[in-house]
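Here is how the chains run, residue by residue.
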Amino acid sequence: MEFSIKAASPEKHKTDCLILVHCAGSEAAPQLAAIDAASKGQLRRLIDRDLEEKAGSLLALPTLPGISAERVLVASLGKTGAIDAKALRTTLAAIGKWLSGQKLKTASFAATDLVAAGFELPAALRSASTLLSDACYRFDAIRSTPDDKPSGPRTLEFLLQSKSDAATRNACEQGAAIAAGQTLARDLGNLPANYCTPSLLAETAKSLAHEYKLKIQVFDREGIEKIGMGSFLSVAQGSQEEPRFIVLEYKGGSAKAAPVVLVGKGITFDSGGISLKPGEGMDEMKFDMCGAASVLGTFRAVAKMKLPINLVGLIPATENLPSGVAVKPGDVVTSLSGQTIEILNTDAEGRLILCDALTYAERFKPAAVVDIATLTGACVIALGHHTSGLLSNNDELAGELLGAGQRSGDRAWQLPLFDEYQEQLKSNFADMANIGGRPAGTITAACFLSRFAKSYKWAHLDIAGTAWKSGAEKGATGRPVPLLTEFLLARCAG
Ligand code: BES
Ligand code: MN
Ligand code: ZN
């Protein structure tokens with residue numbers, strides 16, 4: 001979806017669809033009032049009769065007398081007084097969903113009325129361009145013939161009453177950049193494991209590097225061995241498919257500024273290994289690289305936005321499969337940090353690849369490290385599918401991420417990393433075990449990672465419940481690209 005901003009009178013503007021927002025219980029905002037006047041009060045009568053007052057309720061009008069638009073869509077923001085950022089997101093998502101089912105070339109959003117509703121125009125347009133294009137996402141890369149169902153307008157115009165300023169135009173572009181990042185994350189997540197291999201993730205990183213002039217290094221099995229990532233390699237050893245370790249660097253900040261490092265879990269298929277998972281729903285373990293995909297998506301967004309920040313992306317990528325040469329329960333491996341790990345369950349593989357990447361992160365003297373991983377089924381039990389898990393060794397960093405989640409509508413919730421939980425990782429044979437038993441599975445997984453993240457500010461996002469949807473709407477969500485980009489935007493502003 002392409003976005004543009006235009007100064008125009010809404011009633012005279014030619015478009016396939018004019019989108020208006022409505023606040024119940026207050027005087028009509030200027031653009032809505034203009035349409036109402038042009039239609040001789042018809043709009044008001046229809047709204048009063050048919051539009052519910054709940055945020056996200058829609059009224060689609062095939063025609064309206066006296067105006068140039070072919071159709072009009074009125075979306076309720078809810079009752080005046082209760083209209084907040086969440087109501088706006090709900091409304092935008094509803095508009096996006098409706099648009100995604102329409103055959104339209106152009107839709108035009110009367111955006112000045114958002115200001116009358118109490119929103120700051122730049123922030124509102126950033127949300128709008130992200131949410132509207134995300135709602136019109138389609139995945140048909142691997143169908144023999146593309147779905148010819150409509151997928152929303154090609155162009156979306158934001159109509160303003162007066163000329164836009166630079167901040168508004170910039171925010172609109174930022175929204176589109178975030179959506180482009182989220183789309184990449186969704187595409188990679190949705191690709192099955194026979195397409196989305198560790199090599200494909202590396203090739204994707206390379207094309208990002210080429211497009212945006214990023215520094216990139218890709219290590220193969222031999223290279224990973226040379227670095228000394230014994231824990232990562234133990235997961236990869238059972239698979240024919242070559243592993244990759246990807247190091248991406250975006251330098252938008254000053255040469256001296258310490259980078260933020262993003263580490264993404266890139267298990268392109270998680271069968272559990274020798275500790276094999278049950279068969280039902282195992283196809284969904286193709287999504288076990290969504291952490292990696294969110295890192296690549298965030299790089300795309302950040303590079304498009306040209307953010308003044310230094311960013312490093314680290315992606316350990318491999319399959320987790322059983323075979324005659326696969327790692328076995330009871331095996332002890334040596335991580336890059338030198339700490340030894342007794343692998344009691346080969347299905348707790350995410351932490352085994354992440355720990356070596358976390359040690360590798362030390363060499364960048366990072367300002368902060370955030371890892372993103374579909375790490376534990378326990379997180380889905382704790383928080384369900386709406387909220388990502390957050391654990392951190394630094395409360396300030398945790399606060400930044402929680403705030404970014406709140407503002408972007410891509411929320412996380414913090415769980416404790418109290419020392420007491422560390423005891424569950426005791427091993428009789430090595431420095432630690434890779435599992436901590438049934439209680440507090442998300443916390444003990446993070447405790448494991450924390451042992452490799454002692455020398456910097458670190459946070460861990462467990463996205464097991466939020467990275468994809470199951471059931472009829474099965475597919476990657478592109479989360480937490482909105483949270484991560486908002487976190488980085490705020491770091492640039494502050
Ligand atoms: N990728 C899974 C976590 C997962 C499971 C995400 C289900 C989403 C849905 C991870 O590698 C895993 O298998 N974790 C185990 C850890 C256990 C063996 C300690 C789990 O959660 O069962
Ligand atoms: Mn697993
Ligand atoms: Zn996994």
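Source: prediction; values computed, not measured.

As a further point, take the overall build of the protein. Helices and strands together make up the secondary structure of the protein, namely 15 helices and 20 strands. Its C-alpha radius of gyration of 24 Å places the protein within 12% of the 23 Å reference for a compact globule of 494 residues. The C-alpha extent of the protein, read off along each of the three principal axes, is 80 × 50 × 45 Å. The 494 residues of the protein split such that 58% are buried. Pairs at least 24 apart in sequence give 77% of the contacts found in the protein among residues at least 6 apart. Approximately 20700 Å² of the protein is accessible, and the part contributed by carbon and sulfur atoms is 50%. Distance between charge centroids for the protein: 5 Å, based on 52 positive and 53 negative side chains.

Our focus in this paragraph is the site of ligand 1. In the vicinity of ligand 1 lie 16 residues, with D270, K277, D347, E349 and G377 positioned nearest. The separation between an oxygen atom of ligand 1 and a polar side-chain atom of D347 is 2.8 Å. Burial of ligand 1 by the protein amounts to 77% of the accessible area it has alone, namely 520 Å². Spatially, ligand 1 is embedded in the second largest pocket. Tallied by class, the residues present in the shell around ligand 1 amount to five nonpolar, four polar and seven charged.

Mapped onto the elements, S133 comes out in helix α5 (residues 121–135). A distance of 2.9 Å separates a polar atom in the side chain of S133 from the backbone oxygen of S129. Discounting chain neighbours no more than four positions away, the residues touching S133 are M1, F3 and A179.

Let us now look at the packing of helix α11 (residues 350–361) against helix α14 (residues 441–450). Orientation of α11 relative to α14, taken along the N-to-C sense of each, is 30°, at an axis distance of 9 Å. Taken together, the axes of α11 and α14 are roughly parallel relative to one another. Between α11 and α14 lies a crossing of right-handed hand. For the pair formed by α11 and α14, the contact residues are R351, L352, L354, C355 and L358 on the first element and A445, F448 and L449 on the second. Tallied by class, residues from the contact of α11 with α14 come to seven nonpolar, no polar and one charged.

The manganese ion (ligand 2) binds to the protein through D270 (OD), D347 (O), D347 (OD) and E349 (OE), with metal-donor distances spanning 2.1 to 2.2 Å. Taken together, the six donor atoms coordinating the manganese ion (ligand 2) span angles of 71 to 170° at the metal, a pattern that classifies the geometry as irregular. The motif formed by the donor residues of the manganese ion (ligand 2), counted along the single chain, is D-x76-D-x1-E. The two metals, the manganese ion (ligand 2) and the zinc ion (ligand 3), are separated by 3.1 Å and share D270 as a common coordinating residue. In this pair, D270 is assigned in strand β10 (residues 266–270) and D347 in the loop between β13 (340–342) and α11, connecting sequence segments 77 residues apart.

The calculated volume of the second largest pocket comes to roughly 1000 Å³. Those elements giving two or more residues to the lining of the second largest pocket turn out to be α11, α12 (377–383) and α14. No other element matches α12, which puts four residues into the lining of the second largest pocket. Residue composition of the lining of the second largest pocket, grouped by class: eleven nonpolar, 13 polar and ten charged.

Taken together, the protein donors to the zinc ion (ligand 3) comprise K265 (NZ), D270 (OD), D288 (OD) and E349 (OE), at separations of 2.0 to 2.4 Å. Metal-centred angles of 79 to 176° between the six donor atoms at the zinc ion (ligand 3) mark the site as octahedral. Each donor residue of the zinc ion (ligand 3) belongs to the same chain, with the gaps between them written as K-x4-D-x17-D-x60-E.

Locating L344 in the fold gives a position in the loop between β13 and α11. Exposure remark for L344: the relative accessible area of 38% places this residue in the partly exposed category. With sequence-adjacent residues up to four places away left out, L344 is seen in contact with P329, G330, A433, N434 and I435.

A separate point is the domain arrangement of the protein. Under the domain assignment, the protein is made up of domain 1 (2–162) and domain 2 (179–493). The distance between the C-alpha centroids of domain 1 and domain 2 comes to 37 Å. Between domain 1 and domain 2 the total buried area reaches about 1000 Å² when both faces are included, carbon and sulfur atoms providing 55% of it. Applying the counting rule to domain 1 against domain 2 returns one salt bridge. In this structure, R186 engages D134 in a salt bridge whose closest nitrogen and oxygen atoms are separated by 2.7 Å. Put simply, domain 1 and domain 2 have four residue pairs in polar contact (both at pLDDT 80 or more) between them. Residue contributions to the side of domain 1 that touches domain 2 peak at five residues, all from α5. Here the side of domain 1 that touches domain 2 is built from residues that sort into three nonpolar, three polar and three charged.

About the cut-offs
Residues numbered from 1 in each chain as written. Chains lettered and ligands numbered in written order. Predicted model: local features only at pLDDT ≥ 70, side-chain atom pairs only at ≥ 80, totals over all residues. Heavy atoms only, no water. Helix = DSSP H or I, 4+ residues; strand = E, 2+ residues; numbered from the N terminus. Rg over C-alpha atoms; globule rule 2.2 N^0.38 Å. Buried < 20%, exposed > 50% of the residue type's maximum accessible area, 1.4 Å probe, protein only. Contact = heavy atoms within 4.5 Å. Areas by Shrake-Rupley, 256 points an atom, 1.4 Å probe, with all protein chains shown as cover. Lys, Arg positive; Asp, Glu negative; His and termini not counted. Charge placed at Lys NZ, Arg CZ, Asp CG, Glu CD. Near = heavy atom within 4 Å. Polar contact = N/O pair within 3.5 Å; in protein donor to acceptor, adjacent residues only side chain to side chain. 1 Å grid on protein atoms, 1.4 Å probe; cavity = no way out; pocket = protein on both sides within 12 Å on 5 of 7 lines; lining within 4 Å. Sits in = over half its atoms within 2 Å of the grid points. Nonpolar A, V, L, I, M, F, W, Y, C, P; charged D, E, K, R; others polar. Axes fitted to C-alpha atoms, helices over the stretch in contact; angles between N-to-C directions. Parallel < 35°, antiparallel > 145°, perpendicular 65-115°, else oblique. Left-handed = near helix turned anticlockwise from the far one by under 90°. Donors = N, O, S within 2.8 Å, 3.2 Å for Na, K, Ca; no water. Tetrahedral: all angles 85-135°; square planar, octahedral: opposite > 155°, others 65-115°. Points joined across faces, edges and corners; volume = space filled by probe spheres on them. Domains from an automatic or database assignment. Buried area = accessible area lost by both parts, 1.4 Å probe. Salt bridge = Lys/Arg side-chain N within 4 Å of Asp/Glu carboxyl O.

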